[in-house]
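Chain and residue survey
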Amino acid sequence: MASPLLHLLALSALLLLNPAFAAGSKQRRQRQQPYLSTTYYSKTCPKFEQIVQDTTTNKQISSPTTAAAALRLFFHDCFVGGCDASVLVSSTRFSKSERDADINLSLPGDGFDVVVRAKTALELACPGVVSCADILAVATRNLVVMTGGPFYPVKLGRRDALSSRAADVEGNLPRPTMSMPQIIQIFQSKGFSIQEMVALTGAHTIGFSHCSEFSANIYNYSKTSESDPAYYPEFARSLRSACADYRRNPTLSVFNDVITPNKFDNVYYNNVKKGLGLLASDHGLSSDPRTRGFVELYSRDQRAFFAAFASAMQKLSVYGVKTGRNGEIRHRCDALNF
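In this text, all values refer to a predicted model and were calculated from it rather than measured experimentally.

**Overview of the side chain of N142**
- For N142, the location among the structural elements is in helix α6 (residues 132-146).
- Assessed through its relative accessible area of 5%, N142 is described here as buried.
- With residues up to four places along the chain from it excluded, the contact list for N142 reads V52, Q53 and T56.

Next comes the structure, spelled out in structure tokens:
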């Protein structure tokens, strides 16, 4: 006769093998895990939205390049390990952080500053509650709206990354010198479609790029052409004049959208079609058959662009987020807690 212990072990095995029991266990674990919600701080930090709104408004008024800076910072953060504020961490003598990877050295300071200002105000109102990752996500959305772009809801509850390594950056972010197939591959590897990639690239409607990022395309391009034929000739000449001193002054830059540089609209796509794109990647959008149709659509229909951009930004904002013990609420956005 089998012992009670054997009966207990057999019953345990059956329960563990039973799909319904396993599914129930999974559901219970999921219910126990933190979740993202647009009302995440409604009780723990009810002034969260207002504080971030006030901070972003004041910063954008005093420094109109803030919107583009935050948008680029947000993208560079999310595409390397998820939207976890890892790009905000400063390097130490023991560790080189994402912020100091070569592709991130040109990230504008206004993007960092607006997050630090909001974090400082929030720590006074509700200390230890709001993550830097949530601040960056909402600040970016607010600044897009302030410059004329679409509103989109931002779910909250992200935690900040527990690490930040410069070595993790390479290969995760598109470079302006990459071919369109290479850029598409990076986006697709993170689950974004070609259409979403074209919509997100529309962020180039605001902001600027340093001359060094496209100098190879406007000076001594080939034996037969001073500049890449993809540029409208007069535009190429004006770029050579504007960037003439870029070797001695690496901060020289040009607006990405030379027609409406401070307004979030669809003019960027019209520029790309006319040879007024700044970067090689801009020209690639209009020449690659996989992306050309979306450029045509967004150039003639701003509402279609706004809808696609808002949808893609919502998707991007929850990419690789950290929750629960996978992250922390930083005391300062530029340093890990330990």
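**Quick notes on the state of the cysteines**
- Here the structure, examined in full by the defined rule, presents four disulfides.
- C45 shares a disulfide with C126; S-S distance 1.9 Å. Here the residue C45 occupies a position in the loop between α2 (19-32) and α3 (48-62), and C126 occupies one in the loop between α5 (109-125) and α6, the gap between them amounting to 81 residues. Neither C45 nor C126 differs from the other in exposure class; each is buried.
- Disulfide partner of C78: C83, at an S-S distance of 2.0 Å. Here the S-S torsion is close to 120°, and the disulfide linking C78 with C83 is therefore right-handed.

**Considerations on a nonpolar patch on the surface**
- Together, F255, V258 and I259 make up a nonpolar patch on the protein surface, roughly 250 Å² of accessible area in all.
- The topology assignment puts V258 in the loop between β2 (253-255) and α10 (267-273).
- V258 gets classed as partly exposed once you look at its relative accessible area, which sits at 33%.

**Concerning the packing of helix α8 (residues 194-201) against helix α12 (residues 289-300)**
- Relative orientation of the contacting elements α8 and α12 amounts to 50°, with a least axis distance of 10 Å. With respect to α12, the element α8 is oriented oblique. The element α8 and its partner α12 pack so that their crossing is right-handed. Contact with α8, carried on its side by I194, Q195, M197, V198 and A199, involves R290, T291, F294, V295 and Y298 of α12 and no other residues of that element.
- Taken together, the residues of the contact of α8 with α12 sort by class into seven nonpolar, two polar and one charged.

**Brief notes about the confidence of the model for the chain**
- Confidence in the prediction for the chain averages 91 pLDDT; 90% of positions are at 70 or higher.
- Counting interchain partners and residues more than four positions distant, the pLDDT-below-50 stretch residues 4-17 has three contacts.
- Counted against residues more than four places away or in other chains, residues 19-23, with its pLDDT under 50, gives three contacts.

**Observations regarding the packing of helix α7 (residues 180-189) against α8**
- Where α7 meets α8, the axes come as close as 9 Å, and the angle between the chain directions of the two elements is 105°. As far as their axial angle goes, α8 and α7 are roughly perpendicular. When α7 is examined against α8, the residues M180, I183, I184, F187 and Q188 are found in contact with a partner set consisting of I194, M197 and L200.
- When its residues are assigned to classes, the contact of α7 with α8 shows seven nonpolar, one polar and no charged.

Calculation rules
- Residues numbered from 1 in each chain as written.
- Predicted model: local features only at pLDDT ≥ 70, side-chain atom pairs only at ≥ 80, totals over all residues.
- Heavy atoms only, no water.
- Helix = DSSP H or I, 4+ residues; strand = E, 2+ residues; numbered from the N terminus.
- Buried < 20%, exposed > 50% of the residue type's maximum accessible area, 1.4 Å probe, protein only.
- Contact = heavy atoms within 4.5 Å.
- Disulfide = S-S within 2.5 Å.
- Patch = residues over 30% accessible without salt bridge, like charges linked within 9 Å, V, L, I, M, F, W, Y side chains within 5 Å.
- Areas by Shrake-Rupley, 256 points an atom, 1.4 Å probe, with all protein chains shown as cover.
- Salt bridge = Lys/Arg side-chain N within 4 Å of Asp/Glu carboxyl O.
- Axes fitted to C-alpha atoms, helices over the stretch in contact; angles between N-to-C directions.
- Parallel < 35°, antiparallel > 145°, perpendicular 65-115°, else oblique.
- Left-handed = near helix turned anticlockwise from the far one by under 90°.
- Nonpolar A, V, L, I, M, F, W, Y, C, P; charged D, E, K, R; others polar.
- pLDDT = per-residue confidence, 0-100.

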